[in-house]
Amino acid sequence: MLEKFWLTHSGYYRVFRNILIAGGGFERVRMPFLFGIGLHSEHGPILMDAPFDEDGPANMGVLASNFLSATGLSFAPKWSVPARLEEFGFHTDDVEHVLVTHLHGDHTGAMKCLPNATFHLSQAEWDHANDPPFVGRTFGEYCPDDYASLGEQMQCRDDLPHLDDGEGLDLFGDGSIEVFSLPGHTPGHCVYRLHVQGGDTIFYAADAAHTLLQASGEAEPGLMPRQFTHDMPKANEALASLRRFLEDHPDDELILCHDPELGRQVIDEGPVLFGE
Ligand SMILES: [Zn+2]
């Protein structure tokens, strides 16, 4: 049973709104690097991806991390995955399961800090991430140094139901966590549906959409989401699947890792707690 779930952040990047949302204007907004920590009654703390370690975006290489820092990225070691785990009363050694959505560099920096973790992900994502295109590797989109040596910790699956199938793979066999395949943003992007004790259902869609406005169809993605999307037609199909699913499940809480409004809430008001 998933007893609790916290949504927190590992830093943010100030960007013009129109970089995230087409026609969004020149107001500066904070694009967060959100991630989640769940507490399972049998499996202990469960991480949703593992954004940054104490060195922040340095995992993305000199070029990308210097560029990001010079153009508005905010990071503090207290926002790293190890520090966040401590904040909620856990240690990196306690983490036995990480639910990986995809392996972009802003989701993988702390993977090496988790020696006891099994990383759940799709085979398609693992294959692509270990042979990323040159440009993606150079600019920190994929950072194989974060995970290439962790092969034995990977639980790669090629049998995940697509979101259109309606029912995901029951990861722990207790109905607490469903996994779906939803490729587009990356070739093996996964989304998770988390059933938290007390009734909250979290739909953790990560980067399947970059903003809640994009997810609801009220806005088109700006330059950055397009730049970091592997297959735009497929990503649009994924978005259509996401909208259909959410129409059928209107009470699900949608989590997108880079949405500025969710970011504002988490950065200004602190972690959001689901469950008792
Ligand atoms: Zn991504």
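Residues numbered from 1 in each chain as written. Predicted model: local features only at pLDDT ≥ 70, side-chain atom pairs only at ≥ 80, totals over all residues. Heavy atoms only, no water.

Caption draft 1: Here's a closer look at the pattern of salt bridges. Following the criterion strictly, the structure yields nine salt bridges and no others. Between R30 and D268 there is a salt bridge, and its shortest N-O distance comes to 3.0 Å. One end of the pair, R30, is in strand β2 (residues 28-40); the other, D268, is in helix α9 (residues 260-269), with 238 residues separating them in the sequence. Assessed through its relative accessible area of 47%, D268 is described here as partly exposed. R264 is the salt-bridge partner of E269, the closest N and O atoms lying 3.3 Å from each other. (Salt bridge = Lys/Arg side-chain N within 4 Å of Asp/Glu carboxyl O. Helix = DSSP H or I, 4+ residues; strand = E, 2+ residues; numbered from the N terminus. Buried < 20%, exposed > 50% of the residue type's maximum accessible area, 1.4 Å probe, protein only.)

Caption draft 2: Molecular detail of the environment of V135. Assignment of secondary structure puts V135 in helix α5 (residues 134-138). Taking the relative accessible area as the measure of exposure, V135 reaches 56% and is therefore exposed. Each C-alpha atom, one on V135 and one on V29, is 27 Å from the other, the two residues being 106 residues apart in sequence.

Caption draft 3: Structural context of empty space enclosed by the protein. In total, this model carries two cavities of 30 Å³ or more according to the counting rule given. The volume enclosed by the largest cavity comes to roughly 80 Å³. Lining the largest cavity we find 13 residues, and of these A208, Q214, T229, M232 and A235 sit closest to its centre. One number sums up the size of the second largest cavity: a volume of about 40 Å³. (1 Å grid on protein atoms, 1.4 Å probe; cavity = no way out; pocket = protein on both sides within 12 Å on 5 of 7 lines; lining within 4 Å. Points joined across faces, edges and corners; volume = space filled by probe spheres on them.)

Caption draft 4: Here's a closer look at helix α2 (residues 61-70). By the burial criterion, the buried members of α2 are A64, S65 and L68. With its buried residues spanning 90° around the axis, α2 presents them on a single face. The exposed residues of α2 that point more than 90 degrees off its buried face are V62, L63, F67 and A70. Taken together, the buried residues of α2 touch β1 (2-16) and β4 (73-74). Among the residues trailing α2, G72 stands out with phi positive, at a value near 120°. (Arc of directions from axis to C-beta. Contact = heavy atoms within 4.5 Å.)

Caption draft 5: Region of the structure containing the packing of aromatic side chains. What the rule picks out here adds up to 11 aromatic pairs. By way of ring pairs, the aromatic residues F5, Y204 and F274 are connected into one cluster. Sitting over the face of the ring of F16, R28 holds its NZ or CZ atom 5.7 Å from the ring centroid. (Phe/Tyr/Trp six-rings, centres within 6.5 Å; stacked < 30°, edge-to-face > 60°. Lys NZ or Arg CZ within 6 Å of the ring centre and 35° of its normal.)

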